[in-house]
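# Structural overview
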Amino acid sequence: MKEGFTAISPADVLARVNALPITQWKYKVEPQGIKHLGPVAQDFHAAFGLGDSDRAIGSVDETGVALAAIQGLNQKLEAQNARLKDQNATLQHRLTELETKDKEREARLSRLENLLPPDTAPAAVKTAASNGGGIK
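To start, this report covers the structure provided alongside it. (Residues numbered from 1 in each chain as written. Predicted model: local features only at pLDDT ≥ 70, side-chain atom pairs only at ≥ 80, totals over all residues. Heavy atoms only, no water.)

### Digging into the pattern of salt bridges
- In the structure shown here, the tally under the stated rule is two salt bridges.
- Residue Arg94 pairs with Glu97 through a salt bridge whose shortest N-O separation is 3.4 Å. Of this pair, Arg94 and Glu97 both sit in helix α3 (residues 59-115), separated by three residues, roughly a single helical turn.
- Taking relative accessible area as the criterion, Glu97 reaches 32% and is therefore assigned partly exposed. (Salt bridge = Lys/Arg side-chain N within 4 Å of Asp/Glu carboxyl O. Helix = DSSP H or I, 4+ residues; strand = E, 2+ residues; numbered from the N terminus. Buried < 20%, exposed > 50% of the residue type's maximum accessible area, 1.4 Å probe, protein only.)

The structure is reproduced here in structure tokens:
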């Protein structure tokens with residue numbers, strides 16, 4: 001019952017949905033107080049070229065665009081999630097390296113302090129040790 005299938009780009013559909021004006025409106029023949037929300041047919045047709053006119057939006061087209069945009073958003077989020085996982089792994093590795101270096105420095109400082117006779121360490125070393133390391 002269907003023919004002429006063409007692949008689409010969900011990312012492209014998402015970009016066009018993002019650019020599509022969405023407004024609140026009512027049909028002229030409806031009583032006051034009735035409200036609708038969505039794009040106007042002319043903008044929808046200009047953005048997607050679907051349907052046989054720019055005077056009405058077919059529900060199948062509106063649904064198809066919404067589903068494709070959801071897929072595009074999902075692809076975008078998955079790509080962002082992958083980048084964040086990579087960044088997190090890199091930062092975790094760097095943190096582990098820094099923690100290892102800090103432990104090595106603490107061990108070296110402790111060995112140096114053990115070489116000094118009690119109460120003979122210079123004031124700068126005593127100050128550094130009491131501040132958590134690093135001579136000021």
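### Let's talk about empty space enclosed by the protein
- Overall, the coordinates contain one cavity of 30 Å³ or more when judged by the stated rule.
- If you trace the largest cavity, you find it lined by Ala41, Phe44, His45, Leu50, Gly51, Ser53, Ala56, Ile57, Gly58 and Asp61.
- For the lining of the largest cavity, the element with the highest residue contribution is helix α2 (residues 41-48), accounting for three residues.
- Among the residues making up the lining of the largest cavity, the classes are represented as five nonpolar, four polar and one charged. (1 Å grid on protein atoms, 1.4 Å probe; cavity = no way out; pocket = protein on both sides within 12 Å on 5 of 7 lines; lining within 4 Å. Points joined across faces, edges and corners; volume = space filled by probe spheres on them. Nonpolar A, V, L, I, M, F, W, Y, C, P; charged D, E, K, R; others polar.)

### A few points about a positive patch on the surface
- Together, Lys101, Arg105, Arg108 and Arg111 make up a positively charged patch on the protein surface.
- Relative to the helices and strands, Arg105 resides in helix α3. (Patch = residues over 30% accessible without salt bridge, like charges linked within 9 Å, V, L, I, M, F, W, Y side chains within 5 Å. Areas by Shrake-Rupley, 256 points an atom, 1.4 Å probe, with all protein chains shown as cover. Lys, Arg positive; Asp, Glu negative; His and termini not counted. Charge placed at Lys NZ, Arg CZ, Asp CG, Glu CD.)

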